[in-house]
Amino acid sequence: MTSAVRAVGDHLREWRQRRRLSQLDLACAADISTKHLSFLETGRSQPSRDMVLHLADRLEIPLRDRNILLVAAGYARHWNMVAANATVARLMAGVDAVLLKPPVNVLRLSLHSKGLAPRVANLAEWRAHLLARLRRQVDLSADPVLAALLTELRGYPAPLSVAPAAAPEYGDMVVPFRLTSPAGVLSFFTTTTVFGTPVDITLAELALESFFPADAPTADSLRRLAEGETAAALPRRSAAS
């Protein structure tokens, strides 16, 4: 059973009451009409992202809680890539150019038949893992964009094999990501980092997904790749007679 998700208007009303402000007080401070504020609190109007942040600023809501308001208003993280290092670009070689047009959605990139899916050695396992993570996000946020993304990804062709259990060497604690490459199968485990005490709301909305080599052969392959990129970046000296 899924618990009901609180509407952004409920959060705004609660914070206004915590600050001992009337609707008139907050409306004047935010330079909006009391009617508009009332509509926002009752759900008759949907606030824009800027309006959520504007009211949160007037209510002096902590950054961590502002992110809760953004999620409640439907402005959750949508798995769009903001930046990536050079190695990621090398690993995405061969991906259809359409999937690489900004904003690049990393879940679509991973599971699309013209993306990385044909090269994911444990696609059934990896697909089940990603869909489960996305399903949890949808349950928590009721975000329509994430819900639409989940429906889209579920519609992609599924692997014929049943998703196997995590390999014994990982102790059922992580799901490895195994990617076929010219150097062989590269195996990674991932970590997701969020900023618990940011000083900027935009930073609070970011998540850093890091891929680490899960075995010695993968570490060696990545080391050679990095060394090759470093050598290519060095200025070349012409021979002098």
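Above this text is the structure in question.
Residues numbered from 1 in each chain as written. Predicted model: local features only at pLDDT ≥ 70, side-chain atom pairs only at ≥ 80, totals over all residues. Heavy atoms only, no water.

(A) Just the packing of helix H8 (residues 123-141) against helix H9 (residues 144-154), in detail. Two elements in contact, H8 and H9, have axes separated by 9 Å at closest approach and are oriented at 155°. Accordingly, the angle class assigned to the pair H8 and H9 is roughly antiparallel. You can see that H8 and H9 cross each other, and the crossing is left-handed. Across the interface between the two elements, Arg 127, Leu 131, Leu 134, Arg 135, Gln 137, Val 138 and Ser 141 from H8 touch Leu 146, Ala 147, Leu 149, Leu 150, Leu 153 and Arg 154 from H9. (Axes fitted to C-alpha atoms, helices over the stretch in contact; angles between N-to-C directions. Helix = DSSP H or I, 4+ residues; strand = E, 2+ residues; numbered from the N terminus. Parallel < 35°, antiparallel > 145°, perpendicular 65-115°, else oblique. Left-handed = near helix turned anticlockwise from the far one by under 90°. Contact = heavy atoms within 4.5 Å.)

(B) The arrangement of helix H2 (residues 23-30) in detail. Burial in H2 covers these residues: Leu 26, Ala 27 and Ala 30. Each buried residue of H2 sits inside an arc of 100° when the element is viewed along its axis, so together they form one side. Along H2, exposed side chains directed more than 90 degrees from the buried face belong to Leu 24 and Cys 28. Backbone geometry just after H2 places Asp 31 at a positive phi near 60°. (Buried < 20%, exposed > 50% of the residue type's maximum accessible area, 1.4 Å probe, protein only. Arc of directions from axis to C-beta.)

(C) Geometry of the pattern of salt bridges. As enumerated under the stated definition, the model contains nine salt bridges in all. Linking Glu 209 and Arg 133 is a salt bridge whose minimum nitrogen-to-oxygen distance equals 3.4 Å. Placement of Glu 209 in strand E3 (residues 207-213) and of Arg 133 in helix H8 is noted, with a sequence separation of 76 residues between them. Given the relative accessible area of 17%, Arg 133 is considered buried. One salt bridge in this structure joins Arg 135 and Asp 139, with 2.9 Å as the shortest N-O distance. One end of the pair, Arg 135, and the other, Asp 139, are both in helix H8, four residues apart, so they sit about a helical turn from each other. Accessibility expressed as a relative area gives 28% for Asp 139, which makes it partly exposed. (Salt bridge = Lys/Arg side-chain N within 4 Å of Asp/Glu carboxyl O.)

(D) Fine view of unusual backbone geometry. Cis geometry marks the peptide bond from Pro 102 to Pro 103; its omega dihedral reads -5°. Relative to the helices and strands, Pro 103 is located in the loop between helix H6 (86-91) and helix H7 (106-111). Positive phi values are uncommon outside glycine, yet Arg 20 reaches one of about 55°. Mapping Arg 20 onto the fold places it in the loop between helix H1 (8-18) and H2. In the Ramachandran plot, Trp 79 falls in the positive-phi region, its phi being about 65° despite a non-glycine side chain. Tracing the backbone through its elements, the reader meets Trp 79 in the loop between helix H5 (63-72) and H6. According to the relative accessible area criterion, Trp 79 is buried, its value standing at 18%.

(E) Broad picture of the environment of Ser 22. With respect to the helices and strands, the residue Ser 22 is situated in the loop between H1 and H2. For Ser 22, a relative accessible area of 32% puts it in the partly exposed group. When the C-alpha atoms of Ser 22 and Thr 34 are compared, they prove to be 9.6 Å apart, with twelve residues separating the residues in sequence.

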